[in-house]
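# Overview (structure and organization)
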Amino acid sequence: MAAAAPPATAPSFPSARRARPLLLSLRVRATNPTKVTSADPAPAFKSVTAFAPATVANLGPGFDFLGCAVADASLSLGDTVTAIIDPSLPPATVSIASVTSPSRPHLADRLSKDPLRNCAGVAAIAALGALGVRSHAVSIHLTKGLPLGSGLGSSAASAAAAAKAVDALFGSRLHRDDLVLAGLESEKAVSGFHADNIAPAILGGFVLIRSYDPFHLIPLSPPPGLRLHFVLVTPDFEAPTSKMRAALPKHVAVQQHVRNSSQAAALVAAVLQGAAGVIGSAMSSDSIVEPTRAPLIPGMEAVKAAALEAGALGCTISGAGPTAVAVIEGEDKGEEVGRKMVGAFWSVGKLKATFTVAQLDRLGARVISTSSLE
């Protein structure tokens, strides 16, 4: 493994309220911003390890404004970051000490250890600046559980875990919106200025991004009894977000806009009401983005048909793809739906694929371990 890149300096902002103009020069204002403080916060722990789950963005008709978090019981479907107070580094800097990927060893070599070119590093720097830390430095260890270019919010998971770990390291002072904005600072460099991955990665559950100026997130809380599961089928095929965004139509007919808007509204209502059937049918009803992207993923249309024939309530492309996501109620049909979708990827698209049955993750980024200061 190559040596760690030099540490990067955190902006010396007294709070995230001052840091927000970094985000594409937008004057973003959170609905409940962190209080401005001139104090240089002291560490609460020596180290903190945080996990952030995978996410499904767009959810069909909710392009760039709807997303949800998904995870499995073993927490393998997501990324983990350990943030450590490092007195060997210059104050107010961040260094990436290691990047590992136990299930995909080759993946670690593709990720930079320069904190300014790594999503976890950028988010950690933004969080350190938002906290106003000036007297301490942080080194981070990133463990990738998600593949790159999969449509499962890989970059957002790294950013969310890093922002959460750094914030917890100094006593969990940041408001949820400030954590999202710290992660969004890294997202904008990778996949564009949209929060439909980073917001659910941090908040968990379903999240609606209402606007960026002013910044306004609306968490959507389904009834506790909703047993929503997701069959995530990832083919051996990489779909770079930049390429998939380039395929989007430049003009949309009014009728298409009206239809997609009604389906997105139905999806939001169904989430709040716990209507699994409507969630599935609305997810399957995108008539603007999915039709332009599906042909770029070999076998995708056949995979969607196979999922519905096997009993899924709905199916669409997860984020920019190539992962296909089918929604089911409960997990009884998960294995069958997954096998049928994998089979369709192979028989029609000639792509090997694997599947995971996950559930809605209602927690989002969370601390999973800490070590005390000596």
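Residues numbered from 1 in each chain as written. Predicted model: local features only at pLDDT ≥ 70, side-chain atom pairs only at ≥ 80, totals over all residues. Heavy atoms only, no water.

## A few points about the environment of aspartate 236
Quick note on the threshold: Each helix is a run of H or I in the DSSP string that is no shorter than four residues. Each strand is a run of E no shorter than two, and both are numbered from the N terminus. Using a 1.4 Å probe on the protein chains alone, a residue whose accessible area is under 20% of its type maximum counts as buried, one over 50% counts as exposed, and one in between counts as partly exposed. Contacts are residue-level and defined by heavy atoms, with any inter-residue pair within 4.5 Å sufficient.
By the element assignment, aspartate 236 lies in the loop between strand 9 (228–235) and helix 7 (241–246). Accessibility expressed as a relative area gives 63% for aspartate 236, which makes it exposed. Put simply, aspartate 236 and threonine 354 are 118 residues apart on the chain and 8.3 Å apart in space, counted from C-alpha to C-alpha. With sequence-adjacent residues up to four places away left out, aspartate 236 is seen in contact with Leu351 and Lys352.

## Concerning the pattern of salt bridges
Opposite charge on two side chains permits pairing when their charged atoms draw close. The condition that has to hold: Should a side-chain nitrogen of Lys or Arg be within 4 Å of a carboxyl oxygen of Asp or Glu, the pair is scored as a salt bridge.
Counted by the stated rule, this structure contains six salt bridges. Lysine 304 is the partner of glutamate 290 in a salt bridge, and the nearest nitrogen-oxygen pair spans 2.8 Å. In this pair, glutamate 290 is assigned in helix 10 (residues 290–293) and lysine 304 in helix 11 (residues 300–309), connecting sequence segments 14 residues apart. On the basis of relative accessibility, which here comes to 10%, the residue glutamate 290 falls in the buried class.

## Overview of the pairing of strand 11 (residues 324–329)
What counts is decided by this rule: Should DSSP find at least two bridges between two strands, the strands are regarded as paired.
In terms of residue burial, strand 11 counts as a mostly covered element, since five of its six residues are buried. Pairing analysis gives six bridges linking strand 9 to strand 11, with the strands arranged antiparallel. Its bridge partner lying in strand 11, leucine 232 is registered against valine 325. Relative to strand 11, strand 10 (residues 314–317) is paired through four bridges, and the arrangement is antiparallel. For glycine 314, the partnering residue across the bridge sits in strand 11 and is valine 327. Hairpin connection between strand 10 and strand 11: a loop of six residues separates the two successive antiparallel strands, and glycine 319 in this loop has a positive phi of roughly 60°.

## With respect to helix 9 (residues 276–283)
The test is simple: Here, the arc refers to the directions that run from the helix axis to the C-beta atoms.
Every buried residue belonging to helix 9 is among Ala276, Ile279, Gly280, Ala282 and Met283, and all of these are buried. The buried residues of helix 9 occupy one face: seen down the axis, they fall within an arc of 170°. Residues of helix 9 that are buried in the fold lie against strand 9, helix 8 (254–273), helix 10, strand 10 and strand 11.

## Things to note about the side chain of threonine 323
Applicable threshold: Here a polar contact is recorded for every N or O atom pair within 3.5 Å, except that within protein the pair must consist of a potential hydrogen donor and a potential acceptor, and residues adjacent in sequence are included only if both atoms are side-chain atoms.
Within the fold, threonine 323 resides in the loop between strand 10 and strand 11. Its relative accessible area of 0% is what places threonine 323 among the buried residues. Only 2.7 Å separates the side chain of threonine 323 from the backbone oxygen of serine 150, close enough to count as a polar contact. At 2.8 Å, the side chain of threonine 323 and the side chain of threonine 234 are in polar contact. With residues near it in sequence (within four places) discarded, threonine 323 still touches Ser150, Leu152, Leu232, Val233, Thr234, Pro235, Thr316, Ile317 and Ser318.

## Some details on the confidence of the model for the protein
We apply this condition: The quantity called pLDDT is the predictor's confidence in a given residue, expressed from 0 to 100.
The pLDDT averaged across the protein works out to 88; a share of 89% of its residues lies at or above 70. Per-element confidence in the protein is highest for helix 6 (residues 198–203), whose mean pLDDT is 98, and lowest for helix 1 (residues 16–19), whose mean pLDDT is 34. Low pLDDT (under 50) marks residues 11–37, which in the prediction has 59 contacts with non-local residues, meaning those over four places away or in another chain.

## Topic: the pairing of strand 6 (residues 138–143)
Both faces of the sheet carry side chains from a regular strand, because those side chains alternate between them. Here six bridges tie strand 4 (residues 78–85) to strand 6, and the two strands are oriented antiparallel to one another. Each bridged residue has a counterpart across the sheet, and for threonine 80 the counterpart in strand 6 is threonine 143. Pairing of strand 5 (residues 93–100) with strand 6, which is carried by six bridges, proceeds in the parallel orientation. Bridge pairing links valine 99 to leucine 142 in strand 6.

## As for the side chain of serine 318
By the element assignment, serine 318 lies in the loop between strand 10 and strand 11. Among the polar contacts listed, one links the side chain of serine 318 to the backbone oxygen of glycine 151, at a separation of 2.6 Å. If sequence neighbours within four positions are ignored, serine 318 has contacts with Thr55, Val56, Ala57, Gly151, Leu152, Thr323 and Val325.

## Comments concerning the nonpolar core
This is how the line gets drawn: Among buried residues, those of type Ala, Val, Leu, Ile, Met, Phe, Trp, Tyr and Cys that are joined through side-chain atoms within 4.5 Å constitute a nonpolar core.
Among the nonpolar cores identified, the biggest contains 55 residues, and Val138 and Ile198 are the most heavily contacted of them. Ranked by the residues each element gives to this core, the list is headed by helix 4 (residues 154–169), at 10 residues. In this structure, valine 138 is in contact with Ala83, Ile84, Ile85, Asp86, Leu89, Thr93, Val94, Ser95, Leu128, Val166, Leu169 and Phe170, ignoring residues within four places of it in sequence. Judged by nonpolar contacts, the second largest core, of 29 residues, contains Val56, Leu59, Leu152 and Leu267.

## Let's talk about unusual backbone geometry
Cis geometry is found at the peptide bond from aspartate 213 to proline 214, where omega equals 5°. Looking at the element boundaries, proline 214 is found in the loop between strand 7 (206–212) and strand 8 (215–220). Residue proline 322 follows glycine 321 across a cis peptide bond; omega there is 10°. Looking at where proline 322 falls in the secondary structure, it is placed in the loop between strand 10 and strand 11. Phi is positive for asparagine 58, which is not a glycine, with a value near 80°. The phi dihedral of aspartate 64 is positive, around 70°, even though this residue is not glycine. Relative to the assigned elements, aspartate 64 resides in the loop between strand 2 (47–57) and strand 3 (66–71). By relative accessible area, aspartate 64 is classed as buried at 18%.

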